[in-house]
Amino acid sequence: MAEIILNVDVRDGVGTGGARAARRAGMVPGILYGGDKAPVAISVNEKDFRKSLYTGKLLGHLVTLKYGEETQPVIARDVQFDPVSDRPLHFDLMRVDEKQTIKIEVPVHFINEDQCKAFRQGGSLEIVRHSVEISVRADHIPEDLVVDLAGHKLGDTIRFSDIKVPKGVEPTITDRDFVIASIKTSSAAISAAADEAHDAEVAAEAAADEVPATEQSEEGETTEG
């Protein structure tokens, strides 16, 4: 089962008024939906909710919801935050069967940038997708999809097929091998290369101007002889 357990209470009051009352009581209001049952207004102790949230294993992961003696596997689909205080204001939980195949967004994580020569050559990583929607069993959701940048070259296009995904993970986009990121030459690198070429040209001209007159004269005498 899931690592995180959320002990919830069922809220009597729904709507904005009920949510505000829950927050005043130190709770985070939420909604439980999905399956063949009607949505239920719930709430969780804010301190406990924050602890679960900061583990990084709440959103997009299988979680055990507990109400009294009853338990239910759920997926935390969304959490809304106060834009100023960053306090959690509301959350959505979706009922699932832990062996059910679901569609869910998973973040993409890039590693080994320091082992990629392209970046030492002035390359930059242009990310097309920071997350990918996958189809996977609810109890096998990966933490992330890892892209290993080691060995990639300037101009490389990184596609989904370049990612080593866990067994049972499939992208929901199936009609093409879609792009995740690309490694391009940065404008700064292009500018630096142009500056280096210009400096080399100036240096060559300066060196030619510094040839001693006697050497030029000797070359001329040799030619005449």
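Residues numbered from 1 in each chain as written. Predicted model: local features only at pLDDT ≥ 70, side-chain atom pairs only at ≥ 80, totals over all residues. Heavy atoms only, no water.

### Digging into the side chain of S52
Along the chain, S52 falls in helix α2 (residues 46-53). Leave out the neighbours within four places in its chain, and S52 touches I4, L6, K57 and L58. (Helix = DSSP H or I, 4+ residues; strand = E, 2+ residues; numbered from the N terminus. Contact = heavy atoms within 4.5 Å.)

### Thoughts on helix α1 (residues 15-24)
When we look at burial in α1, the residues that qualify are G18, A19 and A22. Looking straight down α1, one finds that the buried residues subtend no more than 100° of arc, so they occupy a single side. In α1, those exposed residues whose orientation departs by more than 90 degrees from the buried face are T16, R20 and R24. If you follow the buried residues of α1, they end up packed against β2 (27-33). Positive phi appears at G26, one or two residues downstream of α1, with a value of about 80°. (Buried < 20%, exposed > 50% of the residue type's maximum accessible area, 1.4 Å probe, protein only. Arc of directions from axis to C-beta.)

### Re the sheet that holds strand β11 (residues 157-159)
Spatially, β8-β13-β11 is the arrangement adopted by the three strands of the open sheet, whose pairing is antiparallel. In this open sheet, the two strands that pair with only one neighbour each are β8 (123-127) and β11. Direction aside, neighbouring strands of the sheet carry axes that sit 20° apart on average. Pairing between β11 and strand β13 (residues 179-185): three bridges, direction antiparallel. Bridge assignment links R159 to a residue of β13, and that residue is V179. (Pairing = 2+ DSSP bridges. Axes fitted to C-alpha atoms, helices over the stretch in contact; angles between N-to-C directions.)

### So, the pattern of salt bridges
Within the structure shown, the criterion is met by six salt bridges. Salt-bridge contacts for E46 lead to R87; the nearest nitrogen and oxygen are separated by 3.0 Å. One end of the pair, E46, is in helix α2; the other, R87, is in the loop between β5 (70-81) and β6 (88-95), with 41 residues separating them in the sequence. In this structure, E126 engages K184 in a salt bridge whose closest nitrogen and oxygen atoms are separated by 3.3 Å. Of this pair, E126 sits in strand β8 while K184 sits in strand β13; the two residues are 58 residues apart in sequence, bridging distant segments of the chain. (Salt bridge = Lys/Arg side-chain N within 4 Å of Asp/Glu carboxyl O.)

### Some details on the packing of aromatic side chains
Under the counting rule described, the total for this entry stands at two aromatic pairs. Measuring from ring centre to ring centre gives 5.3 Å for F160 and F178, while their planes differ by 35°; the resulting arrangement is tilted. Taken as a pair, F160 in the loop between β11 and β12 (170-171) and F178 in the loop between β12 and β13 lie far apart in primary sequence, 18 residues in all. In terms of burial, F160 and F178 fall into one category: buried. (Phe/Tyr/Trp six-rings, centres within 6.5 Å; stacked < 30°, edge-to-face > 60°.)

### What to know about the nonpolar core
Among the nonpolar cores identified, the biggest contains 28 residues, and I104, V132, I134, V147 and I180 are the most heavily contacted of them. Sorting the residues of this core by element identifies β7 (101-111), α3 (117-120), β9 (131-137), β10 (145-148) and β13 as the ones contributing at least two each. A per-element tally of this core places β7 first, with five residues. Discounting residues that sit within four places of it in the chain, V132 has contacts with I104, E105, V106, V108, L145, F160, F178 and I180. Counting 17 residues, the second-largest nonpolar core is a separate cluster that includes I4, L32, L58 and L65. (Core = buried A, V, L, I, M, F, W, Y, C linked by side-chain atoms within 4.5 Å.)

### Concerning the environment of Q72
Its location among the elements puts Q72 in strand β5. Along the primary structure Q72 and I5 are separated by 67 residues, whereas in three dimensions their C-alpha atoms are 9.8 Å apart.

### With respect to unusual backbone geometry
With the exception of glycine, the majority of residues adopt a negative phi angle, and the majority of peptide bonds are in the trans configuration. The backbone phi angle of D86 is positive, close to 65°, even though this residue is not glycine. Examined against the element boundaries, D86 turns out to sit in the loop between β5 and β6. Residues other than glycine seldom take positive phi values, yet N112 does so here, at roughly 60°. For N112, the position within the fold is in the loop between β7 and α3. Overall, the relative accessible area of 24% leaves N112 in the partly exposed class.

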